Amino acid sequence: VKRFFGMSLALVLIVVALMGLAGVFYLAAGWLGWGFNLAFGRDGTVDPALVHFGASIANVLTLMMVVLMISGSLLTVAERKWSALLQNRIGANRITIGGSPMGGIPYLAADALKMLTKERVEPVAATRFLYELAPLLSFAPVFCLFAIVPVGPPIDLGAIAAGAVGSGQHVALQVAKIDTGLLYLFAIASLQVYGTSLAGWASNNKLALLGGVRASSQMISYEVSLGLSLVGTMMAYRTLQLDEMVAAQGQAVLGLAPGWGLLLQPVGFLIFFTSGFAETKRAPFDLPEGESEIVGYFLEYSGMKFGMMFLAEFLEIAVFAGVITAVFLGGWHPLPIAGVTEWLRLNLHPLAFAAVCGGVFLVKMIVMMWLQLVIRWLLPRFRYDQIQQLCWKILLPAALANIFVTGAAILLDPSLKLLATLGVITIVVVAVLVGATGKAPAAAHAEPHAAGH
Amino acid sequence: MPYQLDNRPPDLREQMYFPEIIRGIGTVTAHFFRNLFFSRDANPDILARPRGLGYSDNVTLQYPEEKQPYPPGYRGLHRLVPREDGKPRCVACYMCATACPAQCIYIEAAEYPDDPVEKYPARFVIDELRCVVCGFCVEACPKDAIRMDTGEHAPPSYTREAQVLDEKRLLRGEPVSYQSDPWLRRDAPSIPADKLAEMKANARPFPSVATDEYAQTPGFSVRALAAEARDRAERARR
C-alpha cells in the first residue's frame, strides 16, 4: 500500500516535472531568440530571422540533446526494468547508491563506463572508411528526424521577453518548420538503412553481411507502407507540415470529439505503427539483429561504436514515438475533447499554457515508447518470409485501400464528418473483435477424431 | 503453474492476429501495473505469498539476501553438538569414522585429565571435499554428538584447506543434554558443579526418531505442501 501511494505520487510528479521542463525549454528558446536579436540586430527593430535562428539553436540544444538523448539513454534502463515488470521479475538492481537501486538508473553510468573503456577490436580486412562511417550514419539521421517534431505550440514571444511585446514573433518547441514536412521525414528515415547495411558490408564478415542484407530489404519494404499509411492523414489535414497537422487536430469533427489522427485514420495508425516498428529493427522485427541465429550487422563492432548503434535503436524508438504522437495522438493537445486547448489558451498565462501542452506531448511520447517496449517483449521474432508477407500482402494493400476510402470520404464530405464516422466504426469493430471471448465449439475439434476412427 | 492449451485450430479472430496482439498487450499491461504499484512479498515460502488483485505477481527470491530454508530432512554441513559447558558431546568412540564410506573423518582421542573414565576428541577433522553427504556418521553416533542439521551447504572457498573443518569450526549450535548421558548420571568430576546442575535441569529423554526441533522451519510443513499438491492434482483431474 505504501508503494501504491509512492508510485502514484511519483507518476504525478513526473508529469508535473515534464511540464516544468517544457516551460524551461520555452524560456530557453525565447531568451536565446530575443538575445540574438538584441546582440546582433539593429537597435529598436525586431529581426524575425535572428529570433528564429536563436530559438532554433535553443531548441536543438533542449529538444535534441536533452529530450532525445536522455530519453534514448533512459530507455536502455527502462528496457530492463519495464521488461522485468512485464515478466514478474525485479530487474537490474545490483548497483546501489546508498543502499537503494534507484530504479536501475545507476546502470546508465555503468554502461557508459563499460562502453567507453572496452578494448577496440577491429577486423583486419574491414573496409576501414566505411566501417568507421557506419555507426555515424545510423546515429545521425535519427537526430535529424526529430527536427520536425512539434513538441509544443507556438506562443507569443512577448510572453517570455518583455521587450518583444507586440513584435508579432512566435516561439515554438520545434527545431525546424520545413514546408516538405512528412516528405523530409520519409527521406531521412530512408537514410538510416545506409548505416546498417554499410555496417554489415564493411565488416568483412558473412554473418554481419547477412544482417545488413536483411536490414536493407526489410527497411526498404516497410518504407513503402510507412509512406502510404500517412497519405490518408495528409489528405485529411491538407498539409505536409507536422505543426499544422497538430493544430488541425484540435478542431471538433464529430460533436465534441476532435479530429485526432487516431479517430480519422485508425487503419492508418495501425499500419504506420507496424511499419514504423519494423523500421526500428526491434523484436518482433529484429531479423537484422537476430541474436540467436546471426549476431547481426554490428557483429564486428566493439566498445562505443557498438554503443552508438545500440543507442541509435533506442533513439529511433523515441523519435518514432514523437512522430506518432504528433500525427495520430493529437500532439500537444492535452485532452481528446475539442475546445479544451482553446479554453486553456484563453485562461492561462501563455507560458503556463505552453508548458502544459509541451508536458502533455512528452507524456504521450513516453506512453508510446512504453507501448513499443511492451510489444517488443510480447511477441517472438517473425520468420523472414512472414515479415515480407506481412508487408507486401497485408500492410501494403490495406494502406492502399485506406487511401482510396479516405479520399472518397473526404470528397463526399469535406467537413471530415464522414471520415470520422468511418473511423468510429472501425474502432468499434476492432474493439468488438478484441473483446469478443468466443470459444470454438467443442464439437469442432471432436469431429476429426470421430471421422478418423 | 503450467496449464494445458487444447489443441484446436485457430478461430477466425485468432487468424486475424491483430486483435489477439491487442489482447496480449492488455494481459501484459495488467501484469506491468500490478508489479509497478504493489511491492513484492518477500516471504520465502513462495506458494504462501498472496496473489490476485492488489498484489504484485513477482515470485522472485533475492537469493543471497533472502534464502529459502532447506526442508527438515536436509543433510547440511556437519556440526559437533556441544554440551552446556562448551565441551563436545563426542566421546571419541570412532564409530562415525568407521561408518564413513568416504573416510573423511579423522579423530584423535584424549582423556580429560581430571576424569579418568571419559574420552574426548583432541582432534576431530572432517574433509568436506571428500564427504559424500550420506549421513551415516549421524546415524552411527551413539551419543547424538554429530549432526547435519545446520541447514547450510558447504560454503565456497578459494582453497582446499578451507574446506577441511576441525573441531573448533565444527563445534557450534545449541547445546544438548540427555537424561541418559553418562557424565550426568555419575556426576563427572570434569564438569563444574553449577554447570552440572544446569545440564541436569535441561536434560531430556533420548530421542527415538532422527529429526529434531532444530531443523524445523517456522511456517514450513511438508505435510501441508503435499496436501496442497494432492488438491491441485485432484482439481486438474476434474
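Residues numbered from 1 in each chain as written. Chains lettered and ligands numbered in written order. Predicted model: local features only at pLDDT ≥ 70, side-chain atom pairs only at ≥ 80, totals over all residues. Heavy atoms only, no water.

### Some thoughts on the overall build of chain B
Move 1: If you tally the helices and strands in chain B, you get eight helices and five strands.
Move 2: Along the chain direction, N to C, the helices and strands of chain B fall in the order α-α-β-α-β-β-α-β-β-α-α-α-α.
Move 3: The C-alpha radius of gyration computed for chain B amounts to 27 Å, which surpasses the reference 18 Å derived for 238 residues by more than 25%, pointing to a less compact arrangement than a globule.
Move 4: Relative to its full complement of 238 residues, chain B shows a buried share of 34%.
Move 5: Contacts in chain B between residues at least 24 apart in sequence constitute 63% of all its contacts with a sequence separation of at least 6.
Move 6: By element, 57% of the accessible surface of chain B is carried by carbon and sulfur atoms, the whole surface being about 14800 Å².
Move 7: Taking the average place of the 33 positive charges on the side chains of chain B and the average place of its 35 negative ones, the gap between the two points comes to 4 Å. (Helix = DSSP H or I, 4+ residues; strand = E, 2+ residues; numbered from the N terminus. Rg over C-alpha atoms; globule rule 2.2 N^0.38 Å. Buried < 20%, exposed > 50% of the residue type's maximum accessible area, 1.4 Å probe, protein only. Contact = heavy atoms within 4.5 Å. Areas by Shrake-Rupley, 256 points an atom, 1.4 Å probe, with all protein chains shown as cover. Lys, Arg positive; Asp, Glu negative; His and termini not counted. Charge placed at Lys NZ, Arg CZ, Asp CG, Glu CD.)

### So, the environment of Leu157(A)
Residue and element names in this part refer to chain A.
Move 1: Mapped onto the elements of the fold, Leu157 is located in the loop between β1 (155-156) and β2 (170-171).
Move 2: Along the chain, Leu157 and Leu263 lie 106 residues apart, while their C-alpha atoms are 33 Å from each other.
Move 3: Dropping the residues within four chain positions of it, Leu157 is found in contact with Gly30, Trp34, Val51, Ala164, Gln169, His170 and Val171.

### Observations regarding the interface of chain A and chain B
Move 1: Each partner contributes to the interface: chain A provides 30 residues, whereas chain B provides 30 residues.
Move 2: Both faces considered, chain A and chain B share a buried interface measuring about 2800 Å² in area, 69% of it formed by carbon and sulfur atoms.
Move 3: Put simply, chain A and chain B have one salt bridge between them.
Move 4: Our count for the chain A to chain B interface comes out at 10 residue pairs in polar contact (both at pLDDT 80 or more).
Move 5: Of all the elements in the fold, those that place two or more residues in the side of chain A that touches chain B are α1 (2-40), α2 (48-86), α12 (350-378) and α14 (417-435) of chain A. (Buried area = accessible area lost by both parts, 1.4 Å probe. Salt bridge = Lys/Arg side-chain N within 4 Å of Asp/Glu carboxyl O. Polar contact = N/O pair within 3.5 Å; in protein donor to acceptor, adjacent residues only side chain to side chain.)

### As for the layout of surface pockets
Move 1: Each pocket or cavity is described by its volume, and for the largest pocket that value is around 1700 Å³.
Move 2: Lining the largest pocket are 48 residues, with Leu11(A), Ile14(A), Ala78(A), Trp82(A) and Leu36(B) positioned closest to its centre.
Move 3: Where the lining of the largest pocket is concerned, the elements lending two or more residues are α1, α2 and α12 of chain A together with α2 (18-37) of chain B.
Move 4: Broken down by element, the residue count for the lining of the largest pocket peaks at 11 residues, all from α2(A).
Move 5: When the residues that make up the lining of the largest pocket are grouped by side-chain class, the tally is 33 nonpolar, 10 polar and five charged.
Move 6: If you add up the space inside the second largest pocket, you get close to 1300 Å³.
Move 7: Contributing to the lining of the second largest pocket are 41 residues, with Leu270(A), Thr274(A), Phe18(B), Pro19(B) and Ile22(B) lying nearest its centre. (1 Å grid on protein atoms, 1.4 Å probe; cavity = no way out; pocket = protein on both sides within 12 Å on 5 of 7 lines; lining within 4 Å. Points joined across faces, edges and corners; volume = space filled by probe spheres on them. Nonpolar A, V, L, I, M, F, W, Y, C, P; charged D, E, K, R; others polar.)

### Focus on the confidence of the model for chain B
Residues and elements named next belong to chain B.
Move 1: For chain B, the mean per-residue pLDDT works out to 85, and 92% of the residues sit at or above 70.
Move 2: Confidence over residues 210-215 falls short of pLDDT 50; this stretch has 11 contacts with residues more than four positions distant or in other chains.
Move 3: Both scores are given for the predicted complex: the pTM is 0.82, the ipTM 0.87. (pLDDT = per-residue confidence, 0-100.)

### Thoughts on the nonpolar core
Move 1: Grouped together as the largest cluster of nonpolar side chains are 108 residues, with contacts concentrated most on Phe146(A), Leu230(A), Phe273(A) and Met365(A).
Move 2: Of the residues forming this core, the biggest block, 15 residues, is contributed by helix α10 (residues 303-328) of chain A.
Move 3: Beyond its immediate sequence surroundings of up to four residues, Phe273(A) is in contact with Phe320(A), Ile324(A), Met368(A), Leu371(A), Gln372(A) and Ile375(A).
Move 4: The next biggest cluster of nonpolar side chains, apart from the first, holds 19 residues, and it includes Leu80(B), Cys131(B), Cys137(B) and Ala145(B). (Core = buried A, V, L, I, M, F, W, Y, C linked by side-chain atoms within 4.5 Å.)

### With respect to the packing of α2(A) against helix α3 (residues 106-117) of chain A
For any two helices packed against each other, the geometry is given by the interaxial angle and the distance between the axes.
Residues and elements named next belong to chain A.
Move 1: Relative orientation of the contacting elements α2 and α3 amounts to 115 degrees, with a least axis distance of 9 Å. In terms of their interaxial angle, α2 and α3 are classed as roughly perpendicular. As for how α2 packs across α3, the hand of that crossing is right-handed. Judged by residue contacts, Ser73, Leu74, Thr76, Val77 and Arg80 of α2 engage Tyr107, Leu108 and Asp111 from α3. (Axes fitted to C-alpha atoms, helices over the stretch in contact; angles between N-to-C directions. Parallel < 35°, antiparallel > 145°, perpendicular 65-115°, else oblique. Left-handed = near helix turned anticlockwise from the far one by under 90°.)

### Concerning empty space enclosed by the protein
Move 1: According to the stated counting rule, one finds six cavities of 30 Å³ or more in the structure shown.
Move 2: Here the largest cavity is characterised by a volume of approximately 180 Å³.
Move 3: For the largest cavity, the lining is made up of 14 residues, of which Leu145(A), Ala189(A), Gln192(A), Glu279(A) and Phe320(A) are closest to its centre.
Move 4: Where the lining of the largest cavity is concerned, the elements lending two or more residues are α4 (128-145), α5 (182-202), α9 (266-279) and α10 of chain A.
Move 5: No other element matches α10(A), which puts four residues into the lining of the largest cavity.
Move 6: Residues that form the lining of the largest cavity fall into these classes: nine nonpolar, three polar and two charged.
Move 7: Taken as a whole, the second largest cavity spans an internal volume of roughly 80 Å³.
Move 8: What lines the second largest cavity is Leu80(B), Cys90(B), Val91(B), Ala92(B), Cys93(B), Cys96(B), Phe124(B), Cys141(B), Pro142(B), Lys143(B), Ala145(B) and Ile146(B).

### Notes on helix α11 (residues 340-347) of chain A
Residue and element names in this part refer to chain A.
Move 1: Listed as buried for α11 are Val340, Thr341 and Leu344. Projection of α11 onto a plane perpendicular to its axis shows the buried side chains occupying an angular sector of 100 degrees, all on one side. Projecting away from the buried face of α11 at angles above 90 degrees are the exposed residues Trp343 and Leu346.
Move 2: In this fold, the buried residues of α11 make contact with α12. (Arc of directions from axis to C-beta.)

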